[in-house]
Amino acid sequence: MPLSKSEKRKYCSGCRDNFYNGNNSLGIKECWCLSSAKLVTRYKIWWWTPMDKASNFQEVRVLSCYHDLENGHGHAYLQNIPAHLQQEWKELKKER
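Residues numbered from 1 in each chain as written. Predicted model: local features only at pLDDT ≥ 70, side-chain atom pairs only at ≥ 80, totals over all residues. Heavy atoms only, no water.

A.B. asks: Would you take a moment to explain the overall build of the chain for this structure?
C.D. replies: Along its length, the chain carries two helices and three strands. The linear arrangement of helices and strands in the chain, starting from the amino end, is α-β-β-β-α. Principal-axis analysis of the C-alpha atoms places the extent of the chain at approximately 50 × 35 × 20 Å. For the chain, the residues scored as buried account for 33% of the 96 residues in total. Total accessible area on the chain stands at roughly 6600 Å², and carbon and sulfur atoms take up 51% of it. Averaging the coordinates of the 15 positive side-chain charges in the chain and doing the same for the 10 negative ones gives two points 7 Å apart. (Helix = DSSP H or I, 4+ residues; strand = E, 2+ residues; numbered from the N terminus. Buried < 20%, exposed > 50% of the residue type's maximum accessible area, 1.4 Å probe, protein only. Areas by Shrake-Rupley, 256 points an atom, 1.4 Å probe, with all protein chains shown as cover. Lys, Arg positive; Asp, Glu negative; His and termini not counted. Charge placed at Lys NZ, Arg CZ, Asp CG, Glu CD.)

A.B. asks: Please explain the side chain of Asn21 as it appears in this structure.
C.D. replies: Position of Asn21 relative to the elements: it lies in the loop between α1 (5-9) and β1 (39-46). Asn21 has contacts with Arg9, Cys12, Ile28, Lys29, Glu30, Cys31 and Leu34, leaving out every residue within four places of it along the chain. (Contact = heavy atoms within 4.5 Å.)

A.B. asks: Where do I start with the packing of aromatic side chains in this structure?
C.D. replies: By convention here, two paired aromatic rings are described through the distance between centres and the angle between planes. Counted by the stated rule, this structure contains four aromatic pairs. Seen in terms of ring centroids, Phe19 and Tyr20 are 5.0 Å apart; in terms of plane orientation they differ by 90°. Their pairing is edge-to-face. With a centroid separation of 4.5 Å and 50° between ring planes, the pair formed by Tyr20 and Trp32 is classed as tilted. Pair noted here: Tyr20 is in the loop between α1 and β1 and Trp32 is in the loop between α1 and β1, with a separation of twelve residues, a long-range link. When its relative accessible area of 22% is taken as the criterion, Tyr20 is described as partly exposed. The class of Trp32 is exposed, set by a relative accessible area of 55%. Here the aromatic residues Phe19, Tyr20 and Trp32 are joined through ring pairs into a cluster of three or more. (Phe/Tyr/Trp six-rings, centres within 6.5 Å; stacked < 30°, edge-to-face > 60°.)

What follows is the structure, encoded as structure tokens:
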């Protein structure tokens, strides 16, 4: 069942565009991405961290539009673990 807008807003915390969910003095009440956003699984990695080890990634649930990168600080949210780390990721998940 799809999330309601109020349920989706709970996932907006930390997103750069949460500013547009009424958190501004401009009178903008809702982020333009909110209505079409979907809850998805992403693989989070700090922007400046090398993508050379599966353990550098964290599996998270975020909205499809979520981003926290600003001025080179924040995270990248990949749709998939990079191909060269797929096997290492599977082994890492078995250990947990």
